[in-house]
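Chain residues, written in single-letter form:
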Amino acid sequence: MKGLKPIRMARGYTQVVLAAKLNVSQSTVAEWESGATFPSGSKVPEIADALECTIDALYGREPPGAEEKDAS
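Since this is a predicted model, take the numbers as computed values, not measurements. (Residues numbered from 1 in each chain as written. Predicted model: local features only at pLDDT ≥ 70, side-chain atom pairs only at ≥ 80, totals over all residues. Heavy atoms only, no water.)

Draft legend 1. Inspection of helix H2 (residues 15-22) at higher detail. Every buried residue of H2 is accounted for by Gln-15, Leu-18, Ala-19 and Leu-22. Mapping the buried residues of H2 onto a view down its axis gives an arc of 100°, with all of them on the same face. Exposed and facing more than 90 degrees away from the buried side of H2 are Val-16 and Ala-20. On its buried face, H2 sits against helix H1 (4-10), helix H3 (26-34) and helix H4 (44-51). Taken from the residues just after H2, Asn-23 is the one with a positive phi, measuring 60°. (Buried < 20%, exposed > 50% of the residue type's maximum accessible area, 1.4 Å probe, protein only. Helix = DSSP H or I, 4+ residues; strand = E, 2+ residues; numbered from the N terminus. Arc of directions from axis to C-beta. Contact = heavy atoms within 4.5 Å.)

Draft legend 2. Layout of the packing of H2 against H3. For the pair H2 and H3, interaxial distance at closest approach is 8 Å and the crossing angle is 105°. One way to sum up the angle between H2 and H3 is to call them roughly perpendicular. Residues Gln-15, Val-16, Leu-18, Ala-19 and Leu-22 of H2 lie in contact with H3, whose contacting residues are Gln-26, Val-29, Ala-30, Trp-32 and Glu-33. Grouping the amino acids of the contact of H2 with H3 by side-chain chemistry returns 7 nonpolar, 2 polar and 1 charged. (Axes fitted to C-alpha atoms, helices over the stretch in contact; angles between N-to-C directions. Parallel < 35°, antiparallel > 145°, perpendicular 65-115°, else oblique. Nonpolar A, V, L, I, M, F, W, Y, C, P; charged D, E, K, R; others polar.)

Draft legend 3. Just the packing of H2 against H4, in detail. In the contact formed by H2 and H4, the axes pass within 10 Å of each other and the chain directions differ by 125°. Between H2 and H4, the angle is such that the two are oblique. H4 is crossed by H2, and the crossing has right-handed handedness. In contact with Leu-18, Lys-21 and Leu-22 of H2, H4 contributes Glu-46, Ile-47, Ala-50 and Leu-51. Considering only residue class, the contact of H2 with H4 consists of 5 nonpolar, no polar and 2 charged. (Left-handed = near helix turned anticlockwise from the far one by under 90°.)

Have a look at this one:
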């Protein structure tokens with residue numbers, strides 16, 4: 001999840017704050033950010049909601065059609 005850390009930092013959240021929002025440990029967030037482990041599929045929408053972003057953004061990609069909207 002290469003987008004997780006930059007989005008978290010842009011929101012001004014520490015790993016501890018994000019972990020509390022998601023009811024996981026700080027070390028779990030650190031492992032997700034480093035790529036050592038990945039969140040369960042059911043946790044990904046919760047992460048996106050907590051960070052107010054898209055799931056695509058968490059994976060470092062734009063949602064389909066985003067390029068078209070930017071060009072308008």
